[in-house]
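So you can see what is in the structure, the chains are spelled out below.
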Amino acid sequence: MAMRQLNMVQALNEALDIILNTDPYSLLLGEDIGRDGGVFRVTDGLLQKYGKERVIDTPLNELGIVGTAIGMAAYGLRPIAEIQFQDFIFPAFDQIVNQAAKIRYRSGGKFNAPVIIRTPYGGGIKGGLYHSQSGESYFVHTPGLYVLTPSNPYDAKGLLLAAHKLNDPVIFLEPKRLYRSIKSDVPEGEYTIPVGKAKKLREGDKITIITYGSMVPTVLNVVDKNNLDADVIDLITLLPMDLDSIISSVKKTGRVVIVHEAPRTLGLGAEISALISERAIEYLYAPIFRVTGFDTPFPYANEEHYLPDEERILKYVRKSLEY
C-alpha cells in the first residue's frame, strides 16, 4: 500500500469514507457532521459523497443521537454516531450503559448493538471545563463496551476500521489535541489495528511507562530526549485491557510509571496499579507512580499546568529509578 503523511483528522476521514463505501448498512449521524463536516471537520466531504440519508445532521440531542443509533443497530444497521465533545455525552449516558452495553446480555444474545460512538476528548485546545474532560473511566467501568483510543494517525484509521468489524458497542475516544498536531505515514486503502492489544513503542529494561491517547507523544519525548532505557506501552484498547503485555513488561523492568491526563482518583492508573500489585508485586523495585491530571475541573486558563508535562513525567521516572 502507498503511504502518505496524514494528520489524525485526515486519517479518520479516510476510515469513515472506506466504511461508507464498502458497507451499505453503515451510516453516520451527529450534530453538524453533514454540511459543516463536524466541528473538527472529521466528516468533511462525506455528505456530498454519500447523501443526507447516510450522513445525517441531527438536532442538538445526544440522548436522541445514541438512542436512535441503538435502535438502528438492533434492526441490522451499523451506525457511527458522533458526539461533538465527550463532555456532551452525559445526557446519553443511560442509553450507553443501560441499553447499548447490556442489550446482548439481556436478550440472551438475540440482539446486539454494533454502534460506534466517536467523540473528541481531553484538553490542549483551551476548551475549558465543559470541552476538555477525559471521561474514559466512566466507560471502562461498564461491561459490554469496547473503549478505544488512538494516539497517532496510523492507529486512528486502522482502529476505527477494526471497530467497525465488531458486533458490540464501541466508545471511540479521539484525543482532540492530536487531531492536527502530529502526522504519520498512513497506508491507502483498508487495514486494521488489533483490538485488545497494546503496542510497545519503545523497548527498554529499566522502567515501564504505561500510557495512552494524548499523553503518548509527551511520554515518547521524555524517553527520547533523556535516552531512557524504558519500555513504553500504548494501551490503545482501554477495555478490554491488554494485561498480558503490561505484566510481561513489569516483570522485566521492575519499575512502573503510569501517565494519563484524566483526574487521578479512580482514573485508569488506579486500576492498572491494582492489577500489577495483584499479579507482579514481587517483581517491583519501587512503588508504582501515577502522573495524571488533577482532581479539579479542567481549567480555562493555564491548562498546561493541569496536563502532565515532560518535566512532571521525568520527575517521577527519576524518582522510580532512584528508589
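See above for the structure.
A. Looking closely at unusual backbone geometry. Cis geometry marks the peptide bond from L239 to P240; its omega dihedral reads 0°. By secondary structure assignment, the location of P240 is in the loop between β12 (237-239) and α9 (243-253). Non-glycine residue D32 carries a positive phi angle of around 65°. Following the sequence through the fold, D32 ends up in the loop between β2 (26-30) and α2 (46-50). A relative accessible area of 34% places D32 in the partly exposed class. Unlike most non-glycine residues, N302 shows phi in positive territory, near 55°. Of note, N302 is situated in the loop between β14 (289-293) and α11 (310-321).

B. The side chain of T149, seen in detail. Within the secondary structure, T149 sits in the loop between β6 (146-148) and α7 (153-164). Looking at T149, the relative accessible area reads 0%, which means it is buried. Among the polar contacts listed, one links the side chain of T149 to the backbone oxygen of L173, at a separation of 3.0 Å. If sequence neighbours within four positions are ignored, T149 has contacts with Y121, L159, L173, P175, Y212, G213, I236 and L238.

C. Inspection of the sheet that holds strand β7 (residues 170-175) at higher detail. Sheet architecture is open: seven strands sit in the order β3-β2-β4-β5-β7-β6-β12, paired in mixed fashion. Of all strands in the sheet, those with a lone pairing partner are β3 (55-57) and β12, marking the two edges. Here the strands of the sheet are splayed against their neighbours by 20° on average, with no regard to which way each runs. With three bridges connecting them, β6 and β7 associate as parallel partners. Each residue of the ladder has a partner; that of L148, found in β7, is F172.

D. Representation of the pairing of strand β5 (residues 116-121) within the structure. Across the six residues that make up β5, a large majority, six, are buried. Here β5 shows no split at all, with I116, R118 and P120 on one side and I117, T119 and Y121 on the other all buried. Pairing analysis gives three bridges linking strand β4 (residues 78-82) to β5, with the strands arranged parallel. Residue pairing for β5: E82 is matched across the bridge by R118. As defined by bridge partners, β5 adjoins β7 across six bridges and the pair is classed as parallel. Bridging across to β7, Y121 finds its partner in P175.

E. Seen up close, the environment of S184. Position of S184 among the secondary structure elements: in strand β8 (residues 184-187). Using a relative accessible area of 16% as the deciding quantity, one classes S184 as buried. Here the alpha-carbon distance between S184 and D36, two residues 148 residues apart in the chain, equals 26 Å. Excluding residues that lie within four positions of it along the chain, S184 makes contacts with R4, Q5, L6, N152, P153 and Y154. Reaching out from S184, the side chain makes a polar contact with the backbone nitrogen of Y154 at a distance of 3.2 Å.

F. Structural context of the pattern of salt bridges. Applying the stated criterion to the full structure yields 17 salt bridges. As a salt-bridge pair, E203 and K200 come within 3.5 Å of each other at their nearest N and O atoms. The class of E203 is exposed, set by a relative accessible area of 59%. We note a salt bridge from D231 to K200, for which the minimum N-O separation is 3.2 Å. A residue pair is termed long-range when its members are at least 10 positions apart, and D231 in strand β11 (residues 230-234) and K200 in strand β9 (residues 199-202) qualify at 31 residues. Overall, D231 belongs to the buried group, its relative accessible area being 0%.

Analysis parameters
- Residues numbered from 1 in each chain as written.
- Predicted model: local features only at pLDDT ≥ 70, side-chain atom pairs only at ≥ 80, totals over all residues.
- Heavy atoms only, no water.
- Helix = DSSP H or I, 4+ residues; strand = E, 2+ residues; numbered from the N terminus.
- Buried < 20%, exposed > 50% of the residue type's maximum accessible area, 1.4 Å probe, protein only.
- Polar contact = N/O pair within 3.5 Å; in protein donor to acceptor, adjacent residues only side chain to side chain.
- Contact = heavy atoms within 4.5 Å.
- Pairing = 2+ DSSP bridges.
- Axes fitted to C-alpha atoms, helices over the stretch in contact; angles between N-to-C directions.
- Salt bridge = Lys/Arg side-chain N within 4 Å of Asp/Glu carboxyl O.

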